Each structure stands twice: as structure tokens, then as C-alpha cells.
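Each chain, written out:
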Amino acid sequence: MEIEVFLGKIKAEFNEDYDTGDLGLDDNIKNMEWWSSMHALVIIALIDTEYDVMLEPSQMKSANTVRELFTLINNIKG
Amino acid sequence: MALMDIRNWKISGIAAAVPRNVIENSDYSVLSALEKKLLIKTTGIERKHVAEKNQTTSDLCEVAANKLLDRLSWNREDIDLIVFVSQSPDYYLPATAIILQNKLNLSSNCLAFDVGLGCSGYVYGLSIVASMISAGHLKKALLLVGDVSSSTVSLFDKSTYPLFGDAGTATAIEFSENSSGQFNMMSDGGGFETIIIRDGGIRNKVSKESFDLKEIGEGISRRDLDLELDGLEVYSFSVSKVPPLIKVLLKETNTMPEDYHYFVMHQANRLMNETIRKKLKFTKEQSPYSLKDYGNTSSASIPLTICSELSGKVETENQKVLLCGFGVGLSWGAVTLNLDKITCLPIIEV
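Keep in mind that this is a model prediction, so the values were computed, not measured. (Residues numbered from 1 in each chain as written. Chains lettered and ligands numbered in written order. Predicted model: local features only at pLDDT ≥ 70, side-chain atom pairs only at ≥ 80, totals over all residues. Heavy atoms only, no water.)

Undergrad: Got a sec to walk through the overall build of chain A? Specific residues and values, please.
TA: Within chain A, the regular secondary structure consists of four helices and zero strands. Listing the helices and strands of chain A from first to last along the sequence gives α-α-α-α. What you see for chain A is a C-alpha radius of gyration of 11 Å, in line with the 12 Å of a compact globule of 78 residues. Counting every position in chain A, which comprises 78 residues, the buried fraction comes to 50%. For chain A, contacts bridging at least 24 residues in sequence account for 55% of all contacts bridging at least 6. Accessible surface for chain A amounts to roughly 3,900 Å². Of this, 43% is attributable to carbon and sulfur atoms. If you average the places of the 6 positive and of the 15 negative side-chain charges in chain A, the two averages end up 5 Å apart. (Helix = DSSP H or I, 4+ residues; strand = E, 2+ residues; numbered from the N terminus. Rg over C-alpha atoms; globule rule 2.2 N^0.38 Å. Buried < 20%, exposed > 50% of the residue type's maximum accessible area, 1.4 Å probe, protein only. Contact = heavy atoms within 4.5 Å. Areas by Shrake-Rupley, 256 points an atom, 1.4 Å probe, with all protein chains shown as cover. Lys, Arg positive; Asp, Glu negative; His and termini not counted. Charge placed at Lys NZ, Arg CZ, Asp CG, Glu CD.)

Undergrad: Run through the environment of Thr255(B), naming residues and quoting values.
TA: All names here are of chain B. As for its placement among the helices and strands, Thr 255 is situated in the loop between helix H5 (231-252) and strand E12 (262-265). For Thr 255, a relative accessible area of 12% corresponds to the buried category. Sequence separation between Thr 255 and Asn 296 is 41 residues, and the spatial gap between their C-alpha atoms is 29 Å. Leave out the neighbours within four places in its chain, and Thr 255 touches Leu 250, Tyr 260 and Lys 320. In terms of polar contacts, Thr 255 uses its side chain to reach the side chain of Thr 253, at 2.8 Å. (Polar contact = N/O pair within 3.5 Å; in protein donor to acceptor, adjacent residues only side chain to side chain.)

Undergrad: Outline helix H1 (residues 33-43) of chain B, supporting the account with residue identities and numerical values.
TA: Because an α-helix completes one turn every 3.6 residues, residues spaced three or four positions apart along the sequence face the same direction. Of all the residues in H1(B), the buried ones are Glu35(B), Lys36(B), Leu38(B), Leu39(B), Thr42(B) and Thr43(B). Projected down its long axis, H1(B) shows its buried positions confined to an angular sector of 165 degrees, all on one face. Lining the buried residues of H1(B) we find helix H2 (37-51) of chain A together with helix H6 (270-280) and helix H7 (291-294) of chain B. Where H1(B) ends, the next residue or the one after it, Gly44(B), has phi of about 80 degrees, a positive value. (Arc of directions from axis to C-beta.)

Undergrad: Can you tell me about the packing of H2(A) against helix H4 (residues 66-77) of chain A, naming the residues and giving the values?
TA: All names here are of chain A. Relative to each other, H2 and H4 sit at 40 degrees, their axes nearing to 12 Å. What the angle tells us is that H2 and H4 run oblique. With respect to the hand of their crossing, H2 and H4 are arranged in right-handed fashion. Listed contacts from H4 to Ile 43, Ile 47 and Tyr 51 of H2 are Leu 69, Ile 73 and Lys 77. Split into classes, the residues belonging to the contact of H2 with H4 amount to five nonpolar, no polar and one charged. (Axes fitted to C-alpha atoms, helices over the stretch in contact; angles between N-to-C directions. Parallel < 35°, antiparallel > 145°, perpendicular 65-115°, else oblique. Left-handed = near helix turned anticlockwise from the far one by under 90°. Nonpolar A, V, L, I, M, F, W, Y, C, P; charged D, E, K, R; others polar.)

Undergrad: So what's going on with the confidence of the model for chain A? Residues and values would help.
TA: When pLDDT is averaged across chain A, the result is 86; 99% of the residues are at 70 or more. Put simply, H2(A) is where chain A has its lowest mean pLDDT, 86, and H4(A) is where it has its highest, 91. (pLDDT = per-residue confidence, 0-100.)

Undergrad: Please provide a residue-by-residue account of the confidence of the model for chain B, values included.
TA: Predicted confidence across chain B gives a mean pLDDT of 96, with 100% of residues reaching 70 or more. Confidence estimates for the predicted assembly give a pTM of 0.93 and an ipTM of 0.77.

Undergrad: Go over helix H4 (residues 121-134) of chain B with me, naming the residues and quoting the values.
TA: Taking 1.5 Å of rise per residue, 14 residues should cover 20 Å, and H4(B) covers 19 Å from first to last C-alpha, within 8% of that figure. Among the residues trailing H4(B), Gly136(B) stands out with phi positive, at a value near 100 degrees. (Expected span 1.5 Å × (residues − 1).)

Undergrad: Now, about the layout of surface pockets: what can you tell me, with residues and values included?
TA: Quantified by volume, the second largest pocket comes out at close to 320 Å³. For the second largest pocket, the lining is made up of 15 residues, of which Glu13(A), Val42(A), Ala45(A), Leu271(B) and Lys278(B) are closest to its centre. Taken together, the residues of the lining of the second largest pocket sort by class into six nonpolar, three polar and six charged. (1 Å grid on protein atoms, 1.4 Å probe; cavity = no way out; pocket = protein on both sides within 12 Å on 5 of 7 lines; lining within 4 Å. Points joined across faces, edges and corners; volume = space filled by probe spheres on them.)

Undergrad: Let's hear about the pattern of salt bridges: which residues, and what values?
TA: Summed over all chains, the structure comprises 20 salt bridges over all chains. Asp230(B) is paired through a salt bridge with Lys61(A); the nearest N and O atoms lie 3.9 Å apart. Of this pair, Asp230(B) sits in the loop between strand E11 (228-229) and H5 while Lys61(A) sits in helix H3 (residues 57-62), on two different chains. Between Arg222(B) and Asp157(B) there is a salt bridge, and its shortest N-O distance comes to 3.0 Å. With Arg222(B) in strand E10 (residues 220-222) and Asp157(B) in the loop between strand E6 (140-147) and strand E7 (167-187), the pair connects residues that are 65 residues apart, well separated along the chain. As far as burial versus exposure is concerned, Arg222(B) and Asp157(B) are alike and both buried. The network of salt bridges with shared partners includes Asp157(B), Glu193(B), Arg198(B), Arg222(B) and Glu228(B). (Salt bridge = Lys/Arg side-chain N within 4 Å of Asp/Glu carboxyl O.)

Below, the structure written as C-alpha cells:
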């Protein structure tokens with residue numbers, strides 16, 4: 001699984017409504033102007049559907065960047 | 001795990017009543033335009049029916065029950081049991097089911113009691129009534145299920161207010177030697193704070209502080225008398241616990257998803273329900289939704305969805321269905337049964 005592919009999936013999920021073009025691997029997504037708790041749900045569902053990994057709410061709360069989410073997924077998948 | 005094969009009962013009819021008053025989520029001023037768009041896309045909820053100030057769950061259930069009994073031409077003297085499943089009873093005491101026994105002109109020989117459950121309540125209610133009917137002493141029963149959740153959510157809480165609609169339903173159940181239902185049900189009180197109203201019970205009695213509006217976060221202000229819901233925890237619970245429960249039930253009944261005409265889930269929100277559906281490999285065509293026009297109607301959502309989406313089918317053909325409720329408690333359960341040419345009324349607006 002490529003990290004850039006994962007970033008692309010997250011951008012694609014939201015770019016219909018928000019400008020996600022500048023979102024980088026190490027940006028804190030929760031600091032984005034458009035971020036809300038609903039986006040966290042959408043990302044959890046995306047990860048579950050695309051990678052068959054169910055993040056715990058505490059894991060989602062502690063991960064702030066796309067890179068941290070990617071690392072979490074890889075750690076869980078082993 | 002509570003696996004039960006309950007024999008000798010069937011559902012004969014279902015009716016659902018909602019308040020006439022409709023609130024559009026596009027008009028909800030706490031959310032920005034983009035937030036509204038995301039909310040509707042994520043939850044699938046565009047509008048909900050909301051009770052008038054003095055309209056209660058039992059009022060809605062009473063209308064649904066009267067219409068259903070009239071359509072079935074059941075003699076009210078023949079009804080042996082009435083169970084009211086709700087988390088919005090008329091009073092702290094007495095039980096609402098007993099008030100409804102009188103309002104519906106049922107015999108005083110009728111057993112009547114309440115069950116305090118939310119989103120899993122329809123499946124639990126069916127299991128209770130089915131168990132009592134199955135023994136053969138009681139022949140006919142009414143299961144009245146619903147909630148007026150709008151009375152428990154804060155207008156200033158974007159995490160709850162747009163989600164919940166109000167509804168009351170009635171399900172007629174009777175003894176039948178050739179019918180059965182297979183149940184699987186579970187509970188986890190470790191998650192009791194995931195969906196909770198903190199004050200108003202004996203643990204935290206109503207106090208002056210209960211009415212204080214507290215700012216929890218941006219767009220989230222509520223009192224301790226209002227419903228509190230941890231969306232991430234609910235999602236995590238639902239998508240991790242519901243599929244295994246259903247897989248066990250499928251295995252125990254030696255059935256596959258394709259053996260069912262319909263998989264009717266509690267209408268929580270579209271994102272969550274779609275994730276569960278995909279995990280279990282039910283098709284979109286098997287999985288009806290009533291979320292768009294009614295929102296999350298708590299324990300009423302399964303019978304309401306049957307009435308709003310499947311009435312044409314269940315009235316004319318035998319439909320094998322898998323029903324599944326999950327939520328507050330935490331509590332979850334599923335049942336497989338046949339809806340064989342039952343009476344199913346169109347949604348009643350009150």
C-alpha cells in the first residue's frame with residue numbers, strides 16, 4: 001500500500017466540497033478549516049472499506065496526520 | 001450470546017405513525033452550508049418528523065394500534081398482552097403500557113408492561129412477546145414501539161439534533177403453529193455512557209444544575225437532561241459488533257444473505273448502515289432505508305421502514321427477512337422470520 005495512494009483517497013473523499021489540494025502527508029488534518037467530527041467518521045469508514053482495518057475511536061483521536069493514519073493502518077495489518 | 005429459536009408465533013400486521021410536523025435539516029442554522037451538505041451525505045437524513053409539544057410516544061402508538069386493530073378486525077377483548085418499548089414513556093410511573101391498555105379499550109385480563117430500550121428495542125420486544133405467545137396460553141398481542149427523541153435532544157447540539165425523528169408503531173402478533181423466529185441478542189453495559197441522558201434518573205436526580213446549558217465544543221451545547229451521543233464510539237461499536245452477531249445467526253439458521261428477501265437494519269445513519277451491509281454482503285436492493293424522510297426513529301425505525309418501504313411486498317407475498325437493531329445500552333440483536341402476506345399500513349401522519 002502506497003502512502004501517496006492513501007493520501008489521494010482521502011483527498012478524493014472530500015475534494016467535491018473542500019479545497020484539499022494543499023493537504024500534505026504531515027499536515028494536521030484536524031487543523032484544516034473545514035474539519036469536523038463528521039470527517040473523522042468518514043475517514044474511519046474509508047479506512048474500514050478500503051483496507052479492512054477498523055480504527056478504534058481513541059486511535060482516530062490520537063492520529064493527526066495522513067502519515068500517522070497510514071502508520072496506524074500498517075501496524076494493525078502487521 | 002443469546003440464541004433462541006422461538007416457535008408458534010407470527011407477525012400479523014404492522015402500522016407506524018409519525019407527527020405531521022416536518023423539520024428540514026437544510027434549515028438547521030447551527031450548521032454551515034457545507035456542514036449541512038456533509039451531514040446529509042453522511043447520514044442520509046434530509047428531514048424528520050417532530051412531535052408537537054404535548055404529543056407523546058404513546059399518542060403515536062395509540063393511533064397506529066387503533067388503525068391496525070380496525071384493519072385486522074381483531075376483537076379487542078381477545079388481546080392478551082400489550083408491551084410498550086420506549087425510552088420516552090408518558091410518566092416515570094405508572095407504566096405506559098397500562099395506560100394504553102385502557103385507551104385502546106383492551107380487556108383488564110390483558111397483561112401490560114413497559115420495556116426500556118432504544119435502538120435494539122424492536123428485536124428485543126419481538127423476542128419477549130414471541131416467548132410469551134409461544135407457550136400457548138396467550139393468543140394475541142400488541143407490541144407498541146417508539147420514541148419521541150426530539151424531546152430529549154438539544155437544539156444547539158449538532159451531533160444529535162439533526163439525526164433523530166419521532167415515531168410510534170404497532171405490531172400485531174399471534175399464536176401460529178407453523179411459524180417461528182430465530183433470535184440472537186447481546187448486551188454490553190461497559191458502553192453505557194456512549195449514548196446517555198445523565199440526569200433525571202435516580203443516579204443523578206434533576207437539580208438546578210441539570211438545566212445549565214454547557215458548551216461542549218463548536219456547535220455542541222447541551223444540558224445534562226439532554227441526550228449525549230459519542231458518534232465515533234457508536235460507529236466503532238456498530239460496525240464491529242453487529243456483523244459478527246448476524247454471521248452467527250446465519251450460521252445457526254444455515255442460511256446465507258442471498259436467502260433473504262430483505263435485511264432491515266435499525267436506521268442509524270447511512271454511512272454506518274452501509275458499512276455493516278457491505279461487511280455482510282447484503283445487496284443494496286435487500287437493504288431498505290427510511291432515513292431520508294424520517295431520520296433515526298430509535299426503536300421504531302425497523303417497523304417504520306417495513307411500512308414505508310416494503311408494504312407492497314409484505315402484503316402480497318411471503319418475504320423472508322432479517323431484522324437487526326443496535327444502539328443505546330449498548331444493546332444489539334437480530335431475528336430471522338417470515339412476513340407472510342401481513343397487514344402493513346401506509347405511514348400514518350398525526
